[in-house]
2 protein chains.
Amino acid sequence: MWYNVSKTTLSVFREVTVMDIGTKERIAMDIAVAQGLQQADLVLKGGHVFNVFTRSWEEADVAIRGTHVVGIGAYSGKREIDVRGQYVTPGLMDAHVHLESSMLSPRELAKILLLNGVTTVFADPHEIANVLGAEGIEFFLSETEEMPLTVYLQVPSCVPATHLDTSGAELTVADMEALTKRSPRVRGLAEMMNYPGVINGADDVLEKLAAFSDRIIDGHAPGVTGPELEALAAAGVANDHECNTVAEAREKVARGMYVFLREGSAAHNLVDLLPVLDEVDERRCCLCTDDRHVDDLIEQGSINYLLEIGVTQGVAAERLLPLATLNTAECFGLRRLGAIAPGFTADLCVFDDLERFQPVHVFKEGRPVVFRGRLDWESKPLRGVAVPTMHMPALDPDRFRIPGEAGKQLRVLRLSQNNLTTEALRLPPRLVDGLAVSDTERDVLKLAVCERHHGTGNVGLGFVQGIQLKRGAIGTTVGHDSHNLTVVGVDDEDMAVAANRLRDIGGGIVVAADGEVKASLPLPIAGLMSDRQADVVNAEMKQLLFWIHELGVPEEFNPLMVLSFLSLPVIPELRLTDRGLVDVTHFTHVSIWTD
Amino acid sequence: MWYNVSKTTLSVFREVTVMDIGTKERIAMDIAVAQGLQQADLVLKGGHVFNVFTRSWEEADVAIRGTHVVGIGAYSGKREIDVRGQYVTPGLMDAHVHLESSMLSPRELAKILLLNGVTTVFADPHEIANVLGAEGIEFFLSETEEMPLTVYLQVPSCVPATHLDTSGAELTVADMEALTKRSPRVRGLAEMMNYPGVINGADDVLEKLAAFSDRIIDGHAPGVTGPELEALAAAGVANDHECNTVAEAREKVARGMYVFLREGSAAHNLVDLLPVLDEVDERRCCLCTDDRHVDDLIEQGSINYLLEIGVTQGVAAERLLPLATLNTAECFGLRRLGAIAPGFTADLCVFDDLERFQPVHVFKEGRPVVFRGRLDWESKPLRGVAVPTMHMPALDPDRFRIPGEAGKQLRVLRLSQNNLTTEALRLPPRLVDGLAVSDTERDVLKLAVCERHHGTGNVGLGFVQGIQLKRGAIGTTVGHDSHNLTVVGVDDEDMAVAANRLRDIGGGIVVAADGEVKASLPLPIAGLMSDRQADVVNAEMKQLLFWIHELGVPEEFNPLMVLSFLSLPVIPELRLTDRGLVDVTHFTHVSIWTD
């Protein structure tokens, strides 16, 4: 084993998992407490209790015995918490998230999620799987055991994501089937990003769909509608979180899919998609974050921030809460979760208001894990240090040279404003000494993706418009989905400085300028996650952003998340991998030069 | 084996169950057909297609491949059926039904249900189980195999129903657990009628709840609200079909239960309960028939009749259809059923209008089973003859004598108008020669329940108000739930004639008057079901009703169903079993005489 697994030592959660009474005795006690014949273990007294089945609030006590709610009415308990004037809701659920995007270890992320009222997440560990394969998923399973955040893991469907780049590991169908037997928390197939493979009936994709045909198959199909959408649904794809328009979301719901309204750090779909609630059965909609950075998590929150946005947009809290609770539980076939009702798991939030959704208390399986806004969970820190995952040679600035071609134009990735798609532009190059170089006037910057897993020395080169850097370079080993080293820069020297520092520190994010490193955030866990505390990571991130803006990027723009998606060759239209530019529409490599 | 199992021979349904292609190949074909790259097996062309997810109609073709829908759009197929101007909906589902109440064999009932658009039912075989135990359930499993009606069986929870009467058989917890392993069609625990046992934490009930704690536990809790309802829900009871008022239904939904809006032959709750749709999340409501007689099935229909009632009440078809399709599938945790969408089972109805809901065509797993209103399914008739289940002595009229008691009043079961409950009245007896006898002036008639399973000779005696018979007697071996012989009559002689004829014909229903049998309907399968065709059974039933009305019962009243419920000691307030009167509120026997 390459890491030391640290487990929660707080005995309180041991009690929850190690039940020393039988089911029959437990039911007998539940029946007694529900009728007030015995005291509840815990009673939340006199709050406004959200009823997800009537979408209304009841003035009542909530009685909890063991891990479950047993009654809503008038109760007394061994412990009582006064929640008069406050709002009691089911614990929030994130229908689709990549834990790795937080850049925090799972336990450190769990703390933040709990502080924001999130008690259950459906995670796709495909970032770490692309770097470390099944071993990375085993690491997540171990790290998330006996935590007061329930982490369901979907088995990554696309490792490697495509044949158009180079990942650190591969998950075969046999690996994937083996993972489903590892834990009841392993549920189904994670987002089928190779949706062209589904539509075209690619053999390997069909094998995966067949292997998971009795389980929930998550989708990923930006912009797919019409007959191709029929094909995805017929193939068993059960949900989608990539909708950009109400019409697209409506069509997906109409074809039987659950639609996840997403608000990530890079992808901001929620406001655009909320009107779909008026057009479809709302029960088929859920909320998800997909990818959220540590800074957004700390400053804005998680699913509770989506509720805040929704309310700000004029959607009633009573309509939004089911999207973050019962609907998600139903989407994943989990009974007795996502509601405050007898027999349902006592995952609960208490809020002061229905505007900010910053929980006062959070209860997980009947135990307070956040009390008066403070975390009441002690998790030993991750003690192990990850194995090195930076297997690449040091790079000379020459490796980033792009010789010009007479009379040709450049294919350029143009960032879009509100989502992760890019537009494929054709622009004349800026040529200096016969070499195509960055042009800050038109904001056309050199982009490189360097293979870091197997020492191949692959470097893919291209240009991107929209980053707005005026000097220096930004490098990152977070590069969906293969997580090679992506670096964008104004000059080749700073690009090499950034890349080589990343190689030395085991991965992370680095800003370089004037031939030296200005700021860095080490991410030694697979080159994706820090082993430090959230506030430290956030401070390092602030320092990175300070320098990014110092080097010319406008204050209101954080280029890091979009940068980390430029190498993902499944989102339209143009991408760059370690093996070169990819035309996503035709799912093939194309030259940087065109007529 | 005491019966000969006759199986469907139509090869078409063999194809459905015996798939000779693998899952992967099936998915590949689905993908191709969904995109119009291959022809569909069957296309319904140009109908108004109901979308249960948007509650709206689409003008589109429905493409079917194998057993599933693969696309909604523009398609061509090897076979095409023109449904322009017609309404295509998912096949209807009955959330809770006792097949036995039809008095038809399962195959004969299936024909009628299919003709009415019902393609899936959730059946509780507790009538036959009370007579024949696990052997009766095995009979149902065999009889319903390879049928174009999917019959899910819930395991009867209360055999015997109570300790207050005498059933023909017993199902132990071990028997019940064994049944869950018999077939994937055996789903969960059927209605927990012993709800006082749940509320009081009775040991045997707790054992059953524990054994089925991971499965769906159906409820039966008329009038239960408040802390007792909290207890039922906490104990795992997941649904209820016994609501009498909107307030009761609302509270049950609010406590996490699915509520089934029922319209049976005796219990008419639908009209009263429909307004609950405005008060709760409609997704938690379903439709069920519970008990429907053959005549109502033939003349009114099944779940389609409930839709007709709902529309007549001014509820839009678009709001009603989910209650008979998707909601029911979700209630029982069945994915890919209850909607017309790619990947969903092609159980479909085609209607001419949204008023009568009499299907033109019905498709089961992609095959037409009703075409142009005619059944396209040949089922061999049930060939076996049931073992005798009438184990009782012949009865003299003397067995029905009730000696008077000076100064005492009679406890009388008073029928209610619209549901199965009774009121416990206290009335002065009509005494003749010191014997309490029927009094047609006040419509107080003698009622007897005679044990018929074990030859004990038990006869419970009482009086009932509301039957309105003026002379003669009516006897039946359909008597929920123990199915002893119930007979009501104006004089003891005719009661004995009816009882003894029932003993001779293996059970059924008999009308006697003037010392002779006037009409009879033999029900040789467990004393509950006929072995004849539906139209024969219906004709015999008509003859029975002719005589019942000839003997004084008003034309608009059919007393047979309520008669068969008078011995069920779990519905308030007063009942009669073979061991005497039962005060249901206190769940104990009481004397026929009171102060």
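Draft legend 1. Examining the overall build of chain A more closely. A tally of helices and strands in chain A yields 18 helices and 31 strands. Relative to a compact globule of 595 residues, whose C-alpha radius of gyration would be 25 Å, chain A shows 24 Å and is just as compact. Along the three orthogonal principal directions, the C-alpha set of chain A runs to about 85 × 50 × 45 Å. Classification of the 595 residues of chain A by burial places 66% in the buried group. Sequence-distant contacts in chain A: of pairs separated by 6 or more residues, those separated by 24 or more amount to 70%. Surface accessibility of chain A: about 19200 Å² in total, with carbon and sulfur atoms responsible for 47%.

Draft legend 2. Spotlight on the sheet that holds strand β13 (residues 285–288) of chain B. All names here are of chain B. Pairing within the open sheet is parallel, and its three strands lie in the order β11-β12-β13. With one partner strand each, in any of the chains shown, β11 (239–240) and β13 form the two edges of the open sheet. Sheet analysis places β11 next to strand β12 (residues 258–262), joined by two bridges and oriented parallel. Paired with D240 across the bridge in β12 is V259. The sheet strands contacting helix α13 (residues 303–312) are β12 and β13, and the helix crosses β13 at an angle near 120 degrees.

Draft legend 3. Inspection of the interface of chain A and chain B at higher detail. Counting residues at the interface gives 60 residues for chain A and 60 residues for chain B. Carbon and sulfur atoms make up 53% of the area that chain A and chain B hide from each other, which totals about 4600 Å². Counting every contact that joins chain A to chain B gives 12 salt bridges. One can count 25 residue pairs in polar contact (both at pLDDT 80 or more) joining chain A with chain B. Contributing elements (two or more residues each) for the side of chain A that touches chain B: α2 (23–34), β2 (56–65), β3 (68–73), α7 (195–199), α8 (203–211), α9 (226–234), α10 (246–254) and α15 (326–331) of chain A. Here the side of chain A that touches chain B is composed, by residue class, of 30 nonpolar, 11 polar and 19 charged.

Draft legend 4. Spatial organisation of helix α16 (residues 492–505) of chain A. Residue and element names in this part refer to chain A. Taking 1.5 Å per residue, 14 residues should reach 20 Å; α16 reaches 20 Å between its end C-alpha atoms and fits that length. Along α16, the residues classified as buried are D492, D494, M495, A496, A498, A499, N500 and L502. Buried-residue contacts for α16 involve β22 (444–450), β24 (473–476), β25 (485–489), β26 (508–513) and β27 (516–522). Sitting at the amino-terminal end of α16 is D491, which places a side-chain oxygen 3.2 Å from the backbone nitrogen of E493. Looking one or two places after α16, you find G506, whose phi comes out positive at around 80 degrees.

Draft legend 5. Geometry of the sheet that holds strand β30 (residues 588–590) of chain A. Residue and element names in this part refer to chain A. What the three strands build is an open sheet, ordered β28-β29-β30; its pairing is antiparallel. Among the strands making up the open sheet, the edge pair consists of β28 (574–577) and β30. On average, each strand axis in the sheet is inclined to that of its neighbour by 45 degrees, with strand direction left out of account. Examined bridge by bridge, strand β29 (residues 580–583) and β30 share three bridges and lie antiparallel to one another. Paired with L581 across the two strands is V590, which belongs to β30.

Draft legend 6. Highlighting the environment of I217(A). Residues and elements named next belong to chain A. Within the fold, I217 resides in strand β10 (residues 217–219). Classification of I217 by relative accessible area gives buried; the value is 2%. Between the C-alpha atom of I217 and that of Q154, which follows or precedes it by 63 residues, the distance is 8.6 Å.

Draft legend 7. Main features of the packing of α2(A) against helix α8 (residues 203–211) of chain B. At a closest axis distance of 9 Å, the pairing of α2(A) and α8(B) adopts a crossing angle of 115 degrees. Classified by the angle their axes make, α2(A) and α8(B) are roughly perpendicular. Taken as a pair, α2(A) and α8(B) cross one another with a handedness that is right-handed. Contacts between α2(A) and α8(B) involve T23(A), K24(A), I27(A), A28(A) and I31(A) on the former and, on the latter, D203(B), L206(B), E207(B), L209(B) and A210(B).

Draft legend 8. Quick look at the pattern of salt bridges. Tallying each qualifying case throughout the model produces 70 salt bridges over all chains. Note that R55(A) is salt-bridged to E282(A), the shortest N-O span being 3.6 Å. A residue pair is termed long-range when its members are at least 10 positions apart, and R55(A) in the loop between β1 (40–51) and β2 and E282(A) in the loop between α11 (270–273) and β13 (285–288) qualify at 227 residues. A residue is classified by how much of its surface remains accessible, and R55(A), at 26% relative accessible area, is partly exposed. In this structure, the salt-bridge partner of R55(A) is D281(B), at a minimum N-O distance of 3.6 Å.

Draft legend 9. Just the relation of the copies chain A and chain B, in detail. Superposing chain A onto chain B takes a rotation of 180 degrees combined with a translation of 0.0 Å along the rotation axis, leaving an RMSD of 0.0 Å. This pairing of chains is accounted for by a two-fold axis. Of the C-alpha atoms belonging to chain A, the one lying closest to the rotation axis is found on G333(A), 3.6 Å away.

Draft legend 10. Seen up close, the packing of aromatic side chains. Scanning the model with the defined rule gives 18 aromatic pairs over all chains in all. Arranged with centres 5.9 Å apart and planes meeting at 70 degrees, the rings of F53(A) and F344(A) form a pair that is edge-to-face. Residue F53(A) is located in the loop between β1 and β2, and its partner F344(A) is located in the loop between α15 and β14 (348–351); the two are separated by 291 residues in the primary sequence. Measuring from centroid to centroid gives 5.7 Å for F546(B) and W547(B), while their planes differ by 90 degrees, and the two rings are edge-to-face. Judged by its relative accessible area of 44%, F546(B) falls in the partly exposed class. Accessibility expressed as a relative area gives 17% for W547(B), which makes it buried. Aromatic ring contacts, followed pair by pair, group F122(A), Y152(A), F260(A) and F332(A) into a single cluster.

Draft legend 11. Structural context of unusual backbone geometry. The peptide bond linking H480(A) to D481(A) adopts the cis configuration, its omega dihedral lying at -10 degrees. Take D481(A): it is sitting in the loop between β24 and β25. Residues V159(B) and P160(B) are joined by a peptide bond in cis, for which omega reads 0 degrees. Positive phi, normally seen in glycine, also occurs at A526(B), with a value near 65 degrees. Tracing the backbone through its elements, the reader meets A526(B) in the loop between β27 (516–522) and α17 (534–550).

Draft legend 12. How the structure looks around the environment of R442(B). Residues and elements named next belong to chain B. In this fold, R442 is placed in the loop between β21 (435–437) and β22 (444–450). On the basis of relative accessibility, which here comes to 28%, the residue R442 falls in the partly exposed class. R442 sits 24 residues away from G466 along the chain, and the two C-alpha atoms are 9.3 Å apart.

Draft legend 13. The packing of helix α6 (residues 173–180) of chain B against α8(B), seen in detail. Residues and elements named next belong to chain B. The contact between α6 and α8 brings their axes to 10 Å, and the two run at 20 degrees. As judged from the angle between their axes, α6 and α8 are roughly parallel. Regarding α6 and α8, the two cross each other, and that crossing is right-handed. Along its contact with α6, which presents V173, M176 and E177, the element α8 presents E207, K208 and A211. Here the residues of the contact of α6 with α8 are counted per class, giving three nonpolar, no polar and three charged.

Draft legend 14. Region of interest: the pairing of β29(A). Bridge analysis of β28(A) against β29(A) gives four bridges, and the strand direction is antiparallel. Residue pairing for β29(A): T577(A) is matched across the bridge by G580(A).

Draft legend 15. Fine view of the confidence of the model for chain A. Confidence along chain A averages 93 in pLDDT terms, with 95% of residues attaining 70 or more. Scored as a complex, the prediction yields pTM 0.90 and ipTM 0.89.

Draft legend 16. Structural context of the nonpolar core. Formed by 366 residues in total, the largest nonpolar core has its most connected members in F400(A), L261(B) and F400(B). When residues no more than four places from it in sequence are discounted, the contact partners of L261(B) are L270(B), L273(B), L274(B), V276(B), L277(B), C286(B), L287(B), C288(B), L306(B) and L323(B).

Draft legend 17. Quick look at the side chain of S302(A). As for its placement among the helices and strands, S302(A) is situated in the loop between α12 (294–299) and α13 (303–312). Not counting chain neighbours up to four residues away, the residues in contact with S302(A) comprise D94(A), L113(A), N116(A), V118(A), T289(A), R292(A) and L297(A).

Draft legend 18. View of the state of the cysteines. For the structure shown, the criterion picks out zero disulfides over all chains. There is no disulfide at C349(A), and the cysteine sulfur nearest it, in C286(A), is 16 Å away.

Draft legend 19. Quick peek at the side chain of H549(B). Within the secondary structure layout, H549(B) lies in helix α17. With residues up to four places along the chain from it excluded, the contact list for H549(B) reads P554(B), E555(B) and F557(B).

Calculation rules
Residues numbered from 1 in each chain as written. Chains lettered and ligands numbered in written order. Predicted model: local features only at pLDDT ≥ 70, side-chain atom pairs only at ≥ 80, totals over all residues. Heavy atoms only, no water. Helix = DSSP H or I, 4+ residues; strand = E, 2+ residues; numbered from the N terminus. Rg over C-alpha atoms; globule rule 2.2 N^0.38 Å. Buried < 20%, exposed > 50% of the residue type's maximum accessible area, 1.4 Å probe, protein only. Contact = heavy atoms within 4.5 Å. Areas by Shrake-Rupley, 256 points an atom, 1.4 Å probe, with all protein chains shown as cover. Pairing = 2+ DSSP bridges. Axes fitted to C-alpha atoms, helices over the stretch in contact; angles between N-to-C directions. Buried area = accessible area lost by both parts, 1.4 Å probe. Salt bridge = Lys/Arg side-chain N within 4 Å of Asp/Glu carboxyl O. Polar contact = N/O pair within 3.5 Å; in protein donor to acceptor, adjacent residues only side chain to side chain. Nonpolar A, V, L, I, M, F, W, Y, C, P; charged D, E, K, R; others polar. Expected span 1.5 Å × (residues − 1). Parallel < 35°, antiparallel > 145°, perpendicular 65-115°, else oblique. Left-handed = near helix turned anticlockwise from the far one by under 90°. Least-squares fit on C-alpha atoms with pLDDT ≥ 70 in both. Phe/Tyr/Trp six-rings, centres within 6.5 Å; stacked < 30°, edge-to-face > 60°. pLDDT = per-residue confidence, 0-100. Core = buried A, V, L, I, M, F, W, Y, C linked by side-chain atoms within 4.5 Å. Disulfide = S-S within 2.5 Å.

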